[in-house]
Amino acid sequence: MSSSEDLEQLRGVGSATADKLQDAGYNTIKSVAVASPGELSENAGVGDNTAAKIIRAARQEADVGGFETGAQLLEQRQKIGKLKTLVPEVDRMLGGGMETQSITETYGEFGSGKSQFTHQLAVNVQLPEEHGGLGQSAVFIDTEDTFRPERVAQMVKGLEGEILEDVVRRDLDYTKDDVEELELDADISDLSDEANEVLDDLVDEFLDRIHVAKAFNSNHQILLAEKARDIADDLEDTDFPVGLLAVDSLTAHFRAEYVGRGNLANRQQKLNKHMHDILRVASLHNAAAVVTNQVQSNPDSMFGDPTKPVGGNILGHTSTFRIYIRKSKKDKRIIKLVDAPNLPDGESVLRIKEEGLKPE
Ligand code: GTP
Ligand code: MG
């Protein structure tokens with residue numbers, strides 16, 4: 001567990017400075033070590049020189065490394081987890097799932113299914129690894145008031161029978177025999193009263209592991225991403241550390257608040273900082289980060305490509321996977337992988353059903 005006492009171990013950090021750092025959200029030596037001097041001095045209200053000194057001391061202490069050998073990089077990459085959508089075709093396209101330690105950006109027009117995708121991941125991250133999850137919790141920053149616990153309930157109940165049995169055993173202490181008697185793989189309408197009660201209890205367990213905060217404007221959203229670090233620190237040594245940080249929508253507030261060409265640089269700068277805060281949680285906690293983004297529509301840029309995500313290059317460089325979701329007939333959606341560093345671009349299909357995201 002972190003406290004300002006940890007920070008006081010650092011050369012040049014007394015209790016007053018430690019408190020300032022703590023108040024600014026730098027709770028661990030590691031979080032100081034990966035900060036930039038400008039950012040630290042601005043956020044914590046310490047001078048530039050002091051900030052640089054503190055960061056140097058933290059880097060010595062925290063072993064965040066500078067140059068790394070290929071072997072070390074490989075070792076860190078081996079820790080990368082894969083969070084599956086549980087739609088086999090999509091997971092194959094993603095090389096096994098969305099990676100931890102990086103940001104996946106999903107973009108698409110309204111109603112394309114970005115929020116559905118994010119809800120499903122908040123469920124899937126909690127599943128054991130053998131079922132495509134990370135066995136961890138989710139932090140969900142909701143900027144458009146679209147998070148729906150009822151939708152999570154449908155998605156949990158809509159999990160495959162075998163997965164349901166395993167999570168009921170894990171979360172509700174059922175034995176293998178007892179869980180089999182519940183016949184959870186039956187049609188929803190054929191479930192016994194007891195099975196329904198068990199599923200409701202299971203839903204509560206899942207909802208308890210999704211930490212949702214609503215962001216009222218872009219500054220609030222930035223603060224919440226900083227707070228997400230605290231939650232991730234707090235949960236680090238629990239049974240369900242943070243495995244997913246979702247921000248839905250990443251860009252909506254920024255887009256609404258920073259209108260016009262004159263505000264573009266400022267907007268990009270803020271978004272850039274925000275993305276780095278998100279990336280930091282993902283790297284330090286080996287978590288997947290998933291953010292949603294709208295596509296540019298005509299009023300914003302007369303000559304812009306309407307299938308381009310908002311935010312331009314800054315998002316492009318900080319997000320590793322970009323997924324473009326397109327509406328097709330009825331509940332069908334085309335999922336396109338764009339610009340992935342070590343995977344071929346590709347397309348796959350899924351359906352948005354009552355039970356969640358499902359194969360075609
Ligand atoms: P914006 O946030 O407006 O940009 O859109 P989005 O991309 O987040 O879309 P969202 O994920 O909200 O997708 C909405 C679509 O998902 C709806 O048009 C429905 O087709 C589908 N959907 C949402 N809820 C349900 C549900 O409970 N059952 C089923 N079958 N489909 C649903
Ligand atoms: Mg949405």
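Coordinates for the structure precede this section.
Draft legend 1. Inspection of the overall build of the protein at higher detail. Within the protein one finds 16 helices and eleven strands. At 21 Å, the protein has a C-alpha radius of gyration in line with the 21 Å of a compact globule built from 360 residues. Expressed along its principal axes, the backbone C-alpha trace of the protein runs to roughly 70 × 55 × 40 Å. Across the 360 residues of the protein, 50% fall into the buried class. Considering only contacts within the protein whose residues lie at least 6 apart along the sequence, 66% involve residues at least 24 apart. Summed over all atoms, the accessible surface of the protein reaches about 17,200 Å², with 47% contributed by carbon and sulfur. Averaging the locations of the 40 positively and 64 negatively charged side chains of the protein gives two centres separated by 10 Å.

Draft legend 2. Region of the structure containing the pattern of salt bridges. Scanning the model with the defined rule gives 19 salt bridges in all. Here arginine 280 ties to glutamate 39 by a salt bridge, and the two come within 3.2 Å at their closest N and O atoms. Of the two residues, arginine 280 sits in helix α15 (residues 264–284) while glutamate 39 sits in helix α4 (residues 37–44), which places them 241 residues apart along the sequence.

Draft legend 3. Representation of the nonpolar core in the model. Counting 49 residues, the largest nonpolar core has Leu94, Val156, Leu184, Leu202 and Leu244 as its most contacted members. Here the element with the most residues in this core is helix α12 (residues 193–208); it accounts for six residues. Not counting the four nearest positions on each side in its chain, leucine 202 is found in contact with Val156, Leu164, Val167, Val168, Asp171 and Leu172. In this structure, Leu224, Val242, Leu250 and Met275 belong to the second largest nonpolar core, which totals 24 residues.

Draft legend 4. Local environment of the packing of aromatic side chains. Summed over all chains, the structure comprises three aromatic pairs. Ring plane angle 15° and centroid distance 5.0 Å describe the contact between tyrosine 107 and tyrosine 324, whose orientation is recorded as stacked. Residue tyrosine 107 is located in strand β3 (residues 103–107), and its partner tyrosine 324 is located in strand β8 (residues 321–327); the two are separated by 217 residues in the primary sequence. For tyrosine 107, a relative accessible area of 5% puts it in the buried group. Consider the rings of phenylalanine 254 and tyrosine 258, whose centres lie 6.4 Å apart with planes at 15°: the pair is stacked. Among the residues examined, phenylalanine 254 registers a relative accessible area of 1% and is labelled buried. Lying across the ring of phenylalanine 240, arginine 209 places its NZ or CZ 4.2 Å from the centre.

Draft legend 5. Up close: the packing of α4 against helix α5 (residues 48–62). Axis separation between α4 and α5 bottoms out at 8 Å; the angle between their running directions is 115°. For the pair α4 and α5, the crossing hand works out as right-handed. Within the contact between the two elements, α4 uses Pro37, Leu40 and Ser41 and α5 uses Asp48, Ala51, Ala52, Ile54 and Ile55.

Draft legend 6. Layout of the site of ligand 1. Not every one of the 15 residues close to ligand 1 is listed here, only the nearest: Gly111, Gly113, Lys114, Ser115 and Gln116. The separation between an oxygen atom of ligand 1 and a polar main-chain atom of glycine 113 is 3.0 Å. For ligand 1, an oxygen atom lies 3.4 Å from a polar atom in the side chain of arginine 151. When the free accessible area of ligand 1 is taken as 660 Å², the share hidden by the protein chains comes to 65%. Where the shell around ligand 1 is concerned, the elements lending two or more residues are α8 (114–124), α9 (149–157) and β10 (346–353). At three residues, the largest contribution of residues to the shell around ligand 1 is made by α8.

Draft legend 7. Here's a closer look at the environment of isoleucine 231. Within the fold, isoleucine 231 resides in helix α13 (residues 218–235). Relative accessible area serves as the criterion here: at 28%, isoleucine 231 is assigned to the partly exposed category. With residues up to four places along the chain from it excluded, the contact list for isoleucine 231 reads Val139, His211 and Val242.

What counts, and at which threshold
- Residues numbered from 1 in each chain as written.
- Chains lettered and ligands numbered in written order.
- Predicted model: local features only at pLDDT ≥ 70, side-chain atom pairs only at ≥ 80, totals over all residues.
- Heavy atoms only, no water.
- Helix = DSSP H or I, 4+ residues; strand = E, 2+ residues; numbered from the N terminus.
- Rg over C-alpha atoms; globule rule 2.2 N^0.38 Å.
- Buried < 20%, exposed > 50% of the residue type's maximum accessible area, 1.4 Å probe, protein only.
- Contact = heavy atoms within 4.5 Å.
- Areas by Shrake-Rupley, 256 points an atom, 1.4 Å probe, with all protein chains shown as cover.
- Lys, Arg positive; Asp, Glu negative; His and termini not counted.
- Charge placed at Lys NZ, Arg CZ, Asp CG, Glu CD.
- Salt bridge = Lys/Arg side-chain N within 4 Å of Asp/Glu carboxyl O.
- Core = buried A, V, L, I, M, F, W, Y, C linked by side-chain atoms within 4.5 Å.
- Phe/Tyr/Trp six-rings, centres within 6.5 Å; stacked < 30°, edge-to-face > 60°.
- Lys NZ or Arg CZ within 6 Å of the ring centre and 35° of its normal.
- Axes fitted to C-alpha atoms, helices over the stretch in contact; angles between N-to-C directions.
- Left-handed = near helix turned anticlockwise from the far one by under 90°.
- Near = heavy atom within 4 Å.
- Polar contact = N/O pair within 3.5 Å; in protein donor to acceptor, adjacent residues only side chain to side chain.

Keep in mind that these numbers describe shape and distance, not what the molecule does.
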